[in-house]
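Examining the three-dimensional arrangement
Chain residues, written in single-letter form:
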Amino acid sequence: MVFVSRKLNTLTKLSEPWLPFSQRKLLETDLVSKLDNCRNFAQIKQLHAHIIRKGLNQSCYVVTKLLRMLSNVGVPVDKYAHHVFDQVPQRNSFIWTALIRGYCVQGLIREAVGLYGLMRMEGMAPVSFTFSALLKACSLGEDVNVGLGMQIHGQIVGVGGFDCDLVVWNTMIDMYVKCGFLGCGRRVFDEMVVRDVISWTSLIVAYARTGDMDSAKELFDELPVKDMVAWTAMVTGYAQNARPREALNLFKRMQDGNVETDEVTLVGVISACAQLGAAKYAGWVRNIAEESGYRPTSNVVVGSAFVDMYSKCGNVEEAYSIFKRMRERNVYSFSSMIVGFAMHGHATEAINLFEEMVKTKIKPNRVTFVGVLTACSHAGLTEQGEQYFKMMQSCYGVVPDADHYACMVDLRGRSGRLEGALQLIKTMPVKPHGGVWGALLGACRIHGDPDIAQIAANSLFELEPNSIGNYILLSNIYASAGRWEDVARVRKAVRMKGLKKNPACSFVEGKDGVIHEFLAGDLTHPRSSQIKRELENLLHKLKFHGYQPVLSSVPYDVDDKEKMRILMAHSEKLAFSYGLLTVASCSTITIVKNLRICEDCHLFMCGASLVTGRKIIIRDNMRFHHFHDGACSCNNFW
DNA sequence: TTAGGGTTAG
């Protein structure tokens, strides 16, 4: 509970009472503007001493500014501000509000509300700013303070309520949606007589954050006058909900409408391009950024987004080149680069960069460690991974969460320690999510262990009952072990649940910059017969070099000839063959695949990189594979 | 003088 002296201060005589009113006003204005320029506590204290000498420590106008500045530079309210407040004999609503705001900024919402109660008892009428400060505080901090926010809402609209400005109503919408009560936010919005673009944008963002882009779009379409922030909210919403094409289409509409672009818009667009993973988009957005005056090397947020994008587009060299030239780097820049190296199998670089990072003042966070552990796992650096896992909490204060445990299960599982991985899941202090069991199931596929796979799959079916991928993985593990009855049982479960398989597809960028899509077994491409012929020629050469198709990659109980036919129609092989026909012989062929690359295609691409002399990059749904001279950057860990 | 959009993740 906050204690506030309600006794009026006895010191009522001003030290310069002879100052005429106009001069006193001038002095007040001068002090307020000086306060405005204060940047730290020491400067404020010095000025405060001067204020006392001039006898203006009882002026509500000056003291209100003093209180604001104290909280702006982060001085805890009860350390100084409260005492200053107590010295003022006649307080108005503004000075009360400044003190309340101080508590709000510190996240001490209960104290702020208590103070608000005292303010009312003193007969002070709150102003709009009092409510907006309180409501904003209700949506901040770790506690969900929606209960207090609702009380304030009740007072505003209740009997003898208050006329509030738009800021209060907009803050109320935001308070409800930030506390997870989207329906309440919507109701406030619907009941508002006057709305502005901020009211609309708050709700659009709220819908986007829950993944409901249809409702967000509906609101956006109705919004009469759209500004840059509203457009950006939609572009970013699509990007965050894995709908990159829609994000880019909307951005193009935004450009057509001559809406300004700033760094936040760009970040959303860059993130969409990263998801598409195509060099064409990378170059396009880079030009737009440079034209708008946002150079990746001089803007840390745009730069970090570019580092991530280039890594995801397969160009880790360009990502690193930007990273090195960035004038300022933050935890996002380092983490994006570390994750980028990890995705491309450059474990040593990832670890070296992490060591470089800890020498700076930038503290690693949970994402940084996901990157470091993934790097260790993908390179088979089991011991180092175990060490970093121990150190993340003891040395860096980052508490491992389910994602980090997933990395560790992956690390142990890939290296063949399936029992050790299972043990870790059984003893981990946080509840394992789908990712943890998924890592174990993936490891069972690599090491061919149908029994542990069954345990992992059972948990996955509970956690993610409608995820087809888990059923397919389990069925493939049984198929590899020749347990066709179990395969049939899993397939039947899939049929009973009415789940549809995600068709495998691969994309390759032709020399004209057009992206070509191939589905597995797809013969609809106009150059299909040429693609098939090219593939047969290549197969012939590969067999001469000792390539043996991995027939166990076909999870169907069919004869070997049929297995061979299925393997040769895998989407990445079709895409690669098309790449051979169209991509200039000196260029790398880059393929993006929606599912994980199979063992046979991996072996095939290793051989293909040798006999054709081409560099091949395949981005599957897990990571990047760089094939060159008969080997892959993943060292067959994937 | 207070309110809306932000990058990294198996």
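Our structure's up above, just so we're on the same page.
I will try to describe carefully the structure that is included in this document. (Residues numbered from 1 in each chain as written. Chains lettered and ligands numbered in written order. Predicted model: local features only at pLDDT ≥ 70, side-chain atom pairs only at ≥ 80, totals over all residues. Heavy atoms only, no water.)

Remarks on the overall build of chain A
Across its full length, chain A holds 32 helices and six strands. A burial count over chain A gives 51% of its 638 residues as buried. Within chain A, residue pairs in contact and separated by at least 24 positions form 63% of the contacts whose partners lie at least 6 positions apart. Here chain A displays about 30600 Å² of accessible surface, and carbon together with sulfur accounts for 53% of that area. Measuring between centres, the 72 positive side-chain charges of chain A sit 3 Å from its 63 negative side-chain charges. (Helix = DSSP H or I, 4+ residues; strand = E, 2+ residues; numbered from the N terminus. Buried < 20%, exposed > 50% of the residue type's maximum accessible area, 1.4 Å probe, protein only. Contact = heavy atoms within 4.5 Å. Areas by Shrake-Rupley, 256 points an atom, 1.4 Å probe, with all protein chains shown as cover. Lys, Arg positive; Asp, Glu negative; His and termini not counted. Charge placed at Lys NZ, Arg CZ, Asp CG, Glu CD.)

Details of the packing of helix H29 (residues 528-544) against helix H31 (residues 571-582)
Contact geometry of H29 with H31 gives a least axis separation of 9 Å together with a crossing angle of 95°. Comparing their axes, H31 and H29 come out roughly perpendicular. Residues Gln530, Ile531, Glu534, Leu535 and Leu538 of H29 form the contact with H31, whose participating residues are Lys573, Leu574, Phe576, Ser577, Tyr578, Leu580 and Leu581. Residues that form the contact of H29 with H31 fall into these classes: eight nonpolar, two polar and two charged. (Axes fitted to C-alpha atoms, helices over the stretch in contact; angles between N-to-C directions. Parallel < 35°, antiparallel > 145°, perpendicular 65-115°, else oblique. Nonpolar A, V, L, I, M, F, W, Y, C, P; charged D, E, K, R; others polar.)

Some points on the environment of Ile616
Within the secondary structure, Ile616 sits in strand S4 (residues 616-619). Residue Ile616 is classed as buried on the basis of its relative accessible area, which comes to 1%. Separated by eleven residues in sequence, Ile616 and Met605 have C-alpha atoms that sit 7.5 Å apart. Sequence-distant contacts of Ile616, that is, excluding residues within four places in its chain, are made with Phe576, Thr588, Ile589, Met605, Ala608, Ser609, His625, His626 and Phe627.

Regarding unusual backbone geometry
Although it is not a glycine, Ala242 adopts a positive phi angle of roughly 55°. When you line up the elements, Ala242 lands in the loop between helix H13 (228-240) and helix H14 (244-256). For Asp629, which is not glycine, the phi torsion reads 50° and is therefore positive. Among the secondary structure elements, Asp629 is positioned in the loop between strand S5 (624-628) and strand S6 (631-632).

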